[in-house]
Amino acid sequence: MTESNTSLRLSHARQGVWKPLPAITQRWKRLSLNLAVLLYLLLATSSIEVNWARVSQGMERGIAFIASFARPDFLSRLDEIGLGLLESLTMTFVATVIGTLLAIPVGLGAASNMSPTPVYLFCRGVITISRTFQEIIIAILFVTMFGFGPLAGVMTLAFATLGFTAKLLAEDIEDVRKDALEAVKATGAGWLQWVNYAVQPQVMPRLIGLSMYRLDINFRESAVIGIVGAGGIGATLNTSINRYDYDTSAAILILIIIIVLFSEYLSGHIRRWTA
Amino acid sequence: MLELKRVSKSYAGGELALNDVSFNVSAGEVVALIGPSGAGKSTLIRCINQLVQPTGGEVLLGGIRLDQLKGRKLRMARRQIGMIFQNYALVERLSVMENVLSGRLAYVGFWQSLLRRYPPDDIRYAVDLLDRVGLSSMLDKRADALSGGQKQRVGIARALIQRPDLLLVDEPTASLDPKSSRQIMRLLCELCREQNLAAIINIHDVALARQFVSRVIGLQQGRVVFDGRPDDLSETVLTEIYGMEDWQEPVHD
């Protein structure tokens, strides 16, 4: 911004006229950007086609699906549900532990204030690959490689956890207070000691929070990747939906909701306790 | 104008931060509050504008019991009291002008403040104050681009634009170099004189307090142990406030 502009704004303000500086200084850029956004919204909205006949038909099926929640059937497939849930919980737990442990070195490497550029680029690359592909796609790959079953599921979830946790951990590491980093480095501490004393205490609450959050994401994901054959409760859910056995599906969904709620409650406790 | 009657504050752990503190401050009077770290200076000024709730006693401003106010009435009382902080407490990502105008928040409505549509009088006064503290050319600078002394000047302008009757000043010079410290103290005292503003200034630096104010209150473990003119701050008194130390001799290594 130029000197004369400032004095112009100042003399306006002396007369009681002041507006904050706009985020984009040039008027034509600002206007054309606004126009472009508006145009895009109009075009995008007009391109949506709604088949109202299909919607009204679908409403009935949807209501039937929702109505079955009123009479969930836990009993007729009790064994399958029990096994599926146990498998899902095992997959979730194992995958979260493996993924989080792998995320720690990758997260450190992907923090620009911690590592030299080659390491940084490599770790960012790992994170990008993991985050580019949706769990389903990775699951299909691993099911092809290892066959149907929970092993493919665990691999999928661990890989997704790695990318997610490492990215957010790296960002937290980049935000740590610099004075503590400097002070510990000034003592002549080695790299690992430096990380242990200056970084770890600052990012630990975040890492614990992230891993708890990832635990319940993984549980939910395990229900989805089961559909492509990666084991767990998803497989059971998929079978019941294919058989139009909505009462059993409802029972499974209710159990998933209860478990997710419980893990939410648990993670709140753990985060408060470790803060 | 400001009356404290037997104010005390105890925290949940049972420790007594303030113990039976009473004094009055009249309009336009500038008082320095001295005492060692942990003596309760910060707690005391926060008990006045109710950022901290006292557990006993009365705080009166213009005859109104502040400690019994709630909600809107408390907010209206708070806008009469300007506060200045040790670490400036500016909103770093807002511009200088926005920081100053934020002192008018209790006077304008939510939508007005959201859209930054401040009344012309407020804008003019904001520029006047920025002129007074010597920063009007910085009005569009982001607060984090300023130096420590400049930030504290913005902090002062933000407090004054509230058109307060009383200033609460918490260690205004603790993060500044000796020259900026003196400039800030001089500015504060001049502004108080010009506007007939009362002020309570928490300050570590006894010499600085002596140089600028006409009344000193000494706090020790939550109790008032001295209340008088700076000239009466004898060695015995300082020892009572801060503990044993050689106050006159220069330090030799």
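Residue positions are given per chain, counted from 1 along the sequence in the order it is written. Chain letters and ligand numbers both follow the written order, the letters beginning at A and the numbers at 1. pLDDT decides what is reported in this predicted model: residues at 70 or higher carry local features, side-chain atom pairs at 80 or more are listed and counted, and totals for whole chains, interfaces and linings draw on all residues regardless.

How would you sum up the overall build of chain B? Please name residues and give values.
Helix and strand counts for chain B come out as nine helices and 10 strands. The reference for a compact globule is 2.2 Å times residues^0.38; the radius of gyration itself is calculated from the C-alpha atoms. The globule rule puts the C-alpha radius of gyration for 253 residues at 18 Å, and the 19 Å found for chain B is close to it. Per-residue burial for chain B yields a buried fraction of 41% across its 253 residues. Sequence separation of 24 or more characterises 68% of the internal contacts of chain B that already satisfy a separation of 6 or more. The helix count covers DSSP runs of H or I at least four residues long, the strand count covers runs of E at least two residues long, and both are numbered beginning at the N terminus. As a rule, residues whose C-beta atom has 12 or fewer other C-beta atoms within 10 Å are exposed, those with 20 or more are buried, and those in between are partly exposed; C-beta atoms are placed from the backbone. Contact between two residues is assigned whenever their backbone-derived C-beta positions fall within 7 Å.

Report on the overall build of chain A, specifying residues and quantitative values.
Across its full length, chain A carries 11 helices and zero strands. Along chain A, helices and strands appear, N-terminal first, in the series α-α-α-α-α-α-α-α-α-α-α. On C-alpha atoms alone, chain A measures out to a radius of gyration of 26 Å, which is more than a quarter above the 19 Å that the 2.2 N^0.38 rule sets for 275 residues. Seen along its three principal axes, the alpha-carbon backbone of chain A occupies a region of about 80 × 60 × 35 Å. Residues classed as buried in chain A amount to 30% of the 275 residues present. Counted over contacts in chain A with a minimum sequence separation of 6, partners at least 24 positions apart contribute 71%.

Describe the packing of helix H6 (residues 135-146) of chain A against helix H9 (residues 191-225) of chain A, and please don't skip the residues or the numbers.
Residue and element names in this part refer to chain A. The contact between H6 and H9 brings their axes to 10 Å, and the two run at 60°. Of the possible angle classes, the one that applies to H6 and H9 is oblique. Taken as a pair, H6 and H9 cross one another with a handedness that is right-handed. Residues Glu 135, Ile 136 and Ala 139 of H6 form the contact with H9, whose participating residues are Glu 221, Val 224 and Ile 225. Residue composition of the contact of H6 with H9, by class: four nonpolar, no polar and two charged. Orientation is described by lines fitted to C-alpha atoms, with helices fitted over the stretch in contact, and by angles between N-to-C directions that extend from 0 to 180 degrees. If an angle is under 35 degrees, it is roughly parallel; if it is over 145, roughly antiparallel; if it lies from 65 to 115, roughly perpendicular; otherwise it is oblique. Crossing handedness: left-handed means the near helix sits turned counterclockwise from the far one by under a right angle, and right-handed means the same turn made clockwise. Asp, Glu, Lys and Arg are counted as charged, while Ala, Val, Leu, Ile, Met, Phe, Trp, Tyr, Cys and Pro are counted as nonpolar; the rest, among them Gly, fall into the polar class.

Account for the pairing of strand E2 (residues 16-25) of chain B, with residues named and values stated.
All names here are of chain B. With six bridges connecting them, strand E1 (residues 2-10) and E2 associate as antiparallel partners. Note on E2: the bridge partner recorded for Leu 4 is Phe 23. Where E1 folds back onto E2 in an antiparallel hairpin, the turn is made up of five residues, including Gly 14, whose phi is positive at roughly 95°. When DSSP finds two or more bridges between a pair of strands, those strands are recorded as paired.

Describe the packing of helix H7 (residues 150-174) of chain A against H9(A), with residues and values.
Residues and elements named next belong to chain A. Remark: H7 packs on H9, axes separated minimally by 9 Å, with the N-to-C direction vectors making an angle of 150°. When the axis of H7 is compared with that of H9, the two are roughly antiparallel. The handedness of the crossing between H7 and H9 is right-handed. Between H7 and H9, the residues in contact are Gly 153, Thr 156, Leu 157, Thr 161, Phe 164, Thr 165, Leu 168, Leu 169, Asp 172 and Ile 173 and Val 199, Val 203, Arg 206, Leu 207, Leu 210, Ser 211, Arg 214, Asn 218, Glu 221, Ser 222 and Ile 225, respectively.

Can you explain the sheet that holds strand E9 (residues 215-220) of chain B? Please cite residues and give values.
Residues and elements named next belong to chain B. The strand order across the open sheet formed by six strands is E6-E7-E8-E3-E9-E10, and the pairing between neighbours is mixed. In this open sheet, the two strands that pair with only one neighbour each are strand E6 (81-84) and strand E10 (223-228). The average angle at which neighbouring strand axes cross in this sheet is 20°, direction not considered. Two elements, strand E7 (residues 166-170) and strand E8 (residues 198-202), share five bridges in a ladder whose sense is parallel. Residue pairing in the sheet places Asp 170 in a bridge with Asn 202 of E8. Here helix H6 (residues 148-160) sits on the sheet and contacts E6 and E7; the angle it forms with E6, its principal contact strand, is near 170°.

Give a description of the pairing of E8(B) that names residues and reports values.
All names here are of chain B. Taking burial as the measure, the five residues of E8 include five buried ones, the bulk of the element. Taking every second residue as pointing to the same face, both faces of E8 are buried, with Ala 198, Ile 200 and Asn 202 on one and Ala 199 and Ile 201 on the other. Two elements, strand E3 (residues 30-34) and E8, share four bridges in a ladder whose sense is parallel. Paired with Val 31 across the two strands is Ile 200, which belongs to E8.

Give a detailed account of the environment of Glu264(A), specifying residues and quantitative values.
Residue position: Glu264(A) is located in helix H11 (residues 246-274). In sequence terms Glu264(A) and Gly231(A) are 33 residues apart; their C-alpha atoms lie 24 Å from each other.

Which residues make up the sheet that holds strand E5 (residues 64-65) of chain B, and what are the values?
In space, the four strands of this open sheet follow the order E2-E1-E4-E5 (chain B), with antiparallel pairing throughout. In the strand order of this sheet, the two ends are held by E2 and E5 of chain B, each with one partner.

Describe unusual backbone geometry, listing the residues and the values that go with them.
Residue and element names in this part refer to chain B. Positioned with a positive phi, Glu 171 is a non-glycine residue whose angle comes to about 45°. Considering the arrangement of structural elements, one finds Glu 171 in the loop between E7 and helix H7 (178-195). Of note, the phi angle at Asn 196 is positive, near 50°, even though the residue is not glycine. For Asn 196, the location among the structural elements is in the loop between H7 and E8. You can call Asn 196 exposed: it has 10 C-beta atoms within 10 Å.

Break down H6(A) for me, with residues and values.
Residue and element names in this part refer to chain A. What a helix is expected to span follows from its residue count: subtract one and scale by 1.5 Å. The end-to-end C-alpha distance of H6 is 16 Å, a good match for the 16 Å that 12 residues give at a rise of 1.5 Å each. Burial in H6 covers these residues: Glu 135, Ile 138, Ala 139, Phe 142 and Val 143. Angularly, the buried residues of H6 cover 135° about the axis, an arc narrow enough to put them on a single face. For H6, exposure combined with an orientation more than 90 degrees from the buried face picks out Ile 137, Thr 144 and Met 145. In the core, the buried residues of H6 are packed alongside H7 and H9. Directly beyond the C-terminal end of H6, a positive phi value near 85° is found at Gly 147. As used here, the arc is the angular range of directions from the helix axis to the C-beta atoms.

Now, about the nonpolar core: what can you tell me, with residues and values included?
All names here are of chain B. Of all hydrophobic cores here, the largest spans 73 residues; its most connected members are Val 31, Val 100, Ala 126, Ala 199 and Ile 201. A total of six residues in this core trace back to one element, the largest contributor, which is helix H5 (residues 120-132). Discounting chain neighbours no more than four positions away, the residues touching Ala 199 are Val 30, Val 31, Leu 167, Val 169, Leu 188 and Cys 192. When buried Ala, Val, Leu, Ile, Met, Phe, Trp, Tyr and Cys residues are joined through C-beta atoms within 7 Å, the set is termed a nonpolar core.

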